[in-house]
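Topology and contacts: notes
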Amino acid sequence: MRKFKVTFYPDNKTVEVEGEKTILSAAISAGIYINAVCGGDGVCGRCKVILKKGKVATQPTRHITAEERKHNVYLACLTEIQDDLEVEIPIESRLNLEGLTQEEVNKRMAKDYSTPEDIQQVEQKVSQGFRYFPLTRKIFLDLPRPTLNDNLSDLERIEREIEREFGITVQHTGLTNIRTLGEILRSSDWKVTVVLGGAGVSPEILFIESGDTSERNFGVVFDIGTTTVTGQLLNLNTRQILGTKATYNKQAAFGSDVITRIIYAKDANGLIELHDAVTEDINEIILRLTDEHKVDLNDITMVVCSGNTTMMHLLLKVDPTHIRREPYVPAFSFTSILRASEVEIRINPRGLLFCVPGIASYLGGDVTAGILSCGIHKQEKLNMLIDIGTNGEIVLGNRDFLVACAASAGPAFEGSGVICGMRASRGAVQKVKISSGDLEPTYQVIGEIKPQGICGSGYIDILAEMLATGIIDRNGRIRQIEHHRIRNGEYGREFVVASNTDTATGSDVVVTDTDIDNLKRAKAAIYAACTILLKHMQLDFSVIEHIFIGGGFGTYLDIENAIRIGLIPDIDRNKFIFVGNSSLSGAREIILSEEAKRQADEIARRVTCLELSVEPGYMEEYMAALFFPHTDLTLFPNVKI
Ligand code: FES
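What comes next concerns the included structure. Predicted model, so just to flag it, every value in this text is computed and none were measured.

Conventions adopted
- Residues numbered from 1 in each chain as written.
- Predicted model: local features only at pLDDT ≥ 70, side-chain atom pairs only at ≥ 80, totals over all residues.
- Heavy atoms only, no water.
- Helix = DSSP H or I, 4+ residues; strand = E, 2+ residues; numbered from the N terminus.
- Polar contact = N/O pair within 3.5 Å; in protein donor to acceptor, adjacent residues only side chain to side chain.
- Contact = heavy atoms within 4.5 Å.
- Core = buried A, V, L, I, M, F, W, Y, C linked by side-chain atoms within 4.5 Å.
- Buried < 20%, exposed > 50% of the residue type's maximum accessible area, 1.4 Å probe, protein only.
- Expected span 1.5 Å × (residues − 1).
- Arc of directions from axis to C-beta.
- Pairing = 2+ DSSP bridges.
- Axes fitted to C-alpha atoms, helices over the stretch in contact; angles between N-to-C directions.

Some points on the side chain of T61
- Mapped onto the elements of the fold, T61 is located in the loop between strand 4 (56-58) and helix 2 (66-70).
- From its side chain, T61 meets the backbone nitrogen of H63 in a polar contact 3.0 Å long.
- For T61, the contacting residues outside a window of four places in its chain are R69, L75 and L78.

Some details on the nonpolar core
- With 74 residues, the main nonpolar core has M384, I386, I394, M466, L567 and I568 as its most contacted residues.
- Here this core gets 13 residues from one element, more than from any other, and that element is helix 12 (residues 513-536).
- With residues up to four places along the chain from it excluded, the contact list for M384 reads I376, I394, V395, L396, C530, L534, F541, I544, H546, I547 and F548.
- Counting 37 residues, the second-largest nonpolar core is a separate cluster that includes L135, L236, A369 and L592.

Section: helix 5 (residues 154-166)
- For helix 5, which comprises 13 residues, the first-to-last C-alpha distance of 18 Å matches the rise-based estimate of 18 Å (1.5 Å per residue) to within 8%.
- By the burial criterion, the buried members of helix 5 are D154, L155, R157, I158, E161 and I162. For helix 5, the angular spread of buried residues about the axis comes to 160 degrees, placing them on one side.
- Contacts from the buried residues of helix 5 go to strand 8 (136-142), helix 6 (175-187), strand 9 (191-197) and strand 10 (204-210).
- G167 sits one or two positions beyond helix 5 and adopts a positive phi of about 70 degrees.

Focus: unusual backbone geometry
- Here the bond from Y9 into P10 is cis, since omega is 5 degrees, no more than 30 degrees from zero.
- The omega angle of the peptide bond from E326 to P327 is 5 degrees, so this bond is cis rather than trans.
- Structurally, P327 can be placed in the loop between helix 9 (309-315) and strand 15 (338-339).
- A positive phi angle, close to 50 degrees, is found at E448, a residue other than glycine.
- Here E448 shows up in the loop between strand 21 (441-445) and strand 22 (453-454).

Regarding the sheet that holds strand 20 (residues 428-434)
- If you walk across this open sheet you meet the three strands as 21-20-22, and the pairing is mixed. Pairing within the sheet leaves two strands with one partner each, and these edge strands are strand 21 and strand 22.
- With two bridges joining them, strand 20 and strand 22 adopt parallel strand pairing. Bridge pairing links A428 to G453 in strand 22.
- Of the strands in this sheet, strand 20 and strand 22 are in contact with helix 11 (residues 456-468), which crosses strand 20 at around 15 degrees.

Re the pairing of strand 20
- Strand 20 sits mainly inside the fold: five of its seven residues count as buried.
- When strand 20 meets strand 21, the two strands line up antiparallel, connected through five bridges. The partner of V429 across the bridge, within strand 21, is V445.
- The antiparallel hairpin formed by strand 20 and strand 21 contains six residues in its connecting segment, where L439 sits at a positive phi of about 60 degrees.

Following this line, the structure appears as C-alpha cells:
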C-alpha cells in the first residue's frame, strides 16, 4: 500500500502513514491528541481540522457547514489520506494533556491523588496495611568460595545461601542464567545480586548481577483505562512513589468504547494494532518516568497492570470476541505471572508482568483492584464502591459477601454524547455556580484559560444549579424563561454557559435539552444499579458504612450537587470517601505485597456478578431514577426542590 507523509501544524510534526488511514489515525501516530469524543464515529463533530495542502477523500457530515467546507475544514475521523498532506489542528479540536502542571495531570487525567500529601491522606483513610513483600526482590549475596570440601555447584551454592540467609526456597531459574553464572560469580569475586520474582515462598531467580545492585529495584503499575492509560513508578525497596504519568489510550483511534474495539480486533490486523497501540502507551510512559527519575530500564523488574477485561485481553493479544457474545465468557480472568517482554513491554528483558485478575466480562481487574484498595472485602460493616468511568461499576459487600455489577451508564460524564462535553483536561469547565438572582453563571476552567467545553464535574454542577435556580424542571426540561442565556437551538432548548466571545473556540459553550437527557440517563443507570445491588441483598442505603467514590471526578465532584441530581444517595455526607484511581492504587498494593496479590486472587473468585439486564426490578428502578433527583422524593429528604 502507498505511504504518505502528513505534517501537522502548529506542532510541525510529520508522520508517514499508509493511504486509506484517516487523518485522526495519523494524528494519533504522531502523538497529537485530537478531541475525538465519539472515538472516530463521525458523531461528535469535535475532530475538525483544516487541510492546508494535499488531496483527501471524505464523507458527508452535518457537522461541517458550507462555510467551513469552503475553508477546507474536515472531520479528521471521516477523512482518508490520499496524498502527502499538511494539516492544521485548531485549538478547539485539541486535547490538552500538555500544558497542565504535573499536579493537574496527575489529579485529573491520572485520576489519582499523587502529591505526597494527597497520597498520605487517602492512604490513611483506606490503606489496608498489607505485609510488605514486593513481587520482585533483589538480594545481595557474598557467597562462600567453593573448596574441595564444599564443592556444591554454582547454582546450588546460590540456592543454599538464599535458603540459609533468607529462608526462601528457590524454585528454578532460566537456562540463560545458568549459562552465564560461572563467569559472573568468578568475575565479581562471588559477590552478586540475585533478583527473585514470582509469588509464594518458592520464587524463581530472574537474573543475577555482579556486585551489589540491591539498592536499585523498581516497578511500574498501570491502570489501563478505555480512555486513559496511567502509570506510576515505584521504588520497590522504599515503597516510594516516584512519579505518575498519564496519556490517552491510543486505541481510541479504533473506537471509543470496548465494544467497537472488540469488533475491530476481528479485522485482519485489528488485534495486533490494538495491542501495539496500548503497549506503545505503556512503553512511552515507562520511558518518560525513567528519564525523569534517572532510573535505568534494566532496574525495572516488575510491572502490574489493572484494567477492564477487554483491555487486559488486548494487552495480552488475546482475542476478546466472546466477551460480547452470549453467554459473555472471556478467554481468561486469571493469568500466572508472565514475562513482560512476552507482550513487548520494555523493562529488564527478564522482568515480570502481572495482570490483576478480572471477575467477569464486564467486571475487570480494575474492579478487583478497587475492592482490594478500599478493603471492602475485609470489613465487618457493609461498604459500597462506585467507580464512574467510561462505564459505572458498583460493588457492595463486606468480609462475608461481595456483589458487583456494571451499569451501562455510557460515557456522558466523560464528555461523550453531550454537545460541549470534553474530558477533564485543559480548557474544561469543571465547576459552575449560577446566581439565583440574575441566572448568570460563574465557572472555573481547568488550566485557568478560556473554556473549550465542559467535563463531568462541571455538568453535575450545572445540572444541580439549573435545578436549584429553576432553569430546568425535575424532568430536566429547560423552562421557557425570558433570558438572554436561554434559547432554542438545534438540539432543543439550550442554556449558554459561556458565550462565544468568552470561549477559546469562538463558539458558545452550551447545555442543551438533549445533553440533559443523556446525563439524566447516565445518572439514573448508576443510581438504579446501586439500588438493585442493595435490594438483591434485601438491604437499603441506611446500612452502608461508607461509599467509596472512584474514577475521574476525584475531589472535584461536588457531593452536595451529585446528591441533588440523584447520582448518589442522600445519606450522611461523611460516609462518602473519594478514593481517586482505585484501580491504580490496587495495582500498587499488589506490586508491593504478595499478600495483596493473594487477596486480589481471592476477591476475583469471591465476587458475585449481577447481570442488570436480567435482574428483576432493574428497569423499574432505572425509570424511577429518570427524574431529578428521583421520582420518589422521600429517598432524597435533604434535597430542597
Ligand atoms: Fe470525529 Fe467524533 S466526529 S471523532
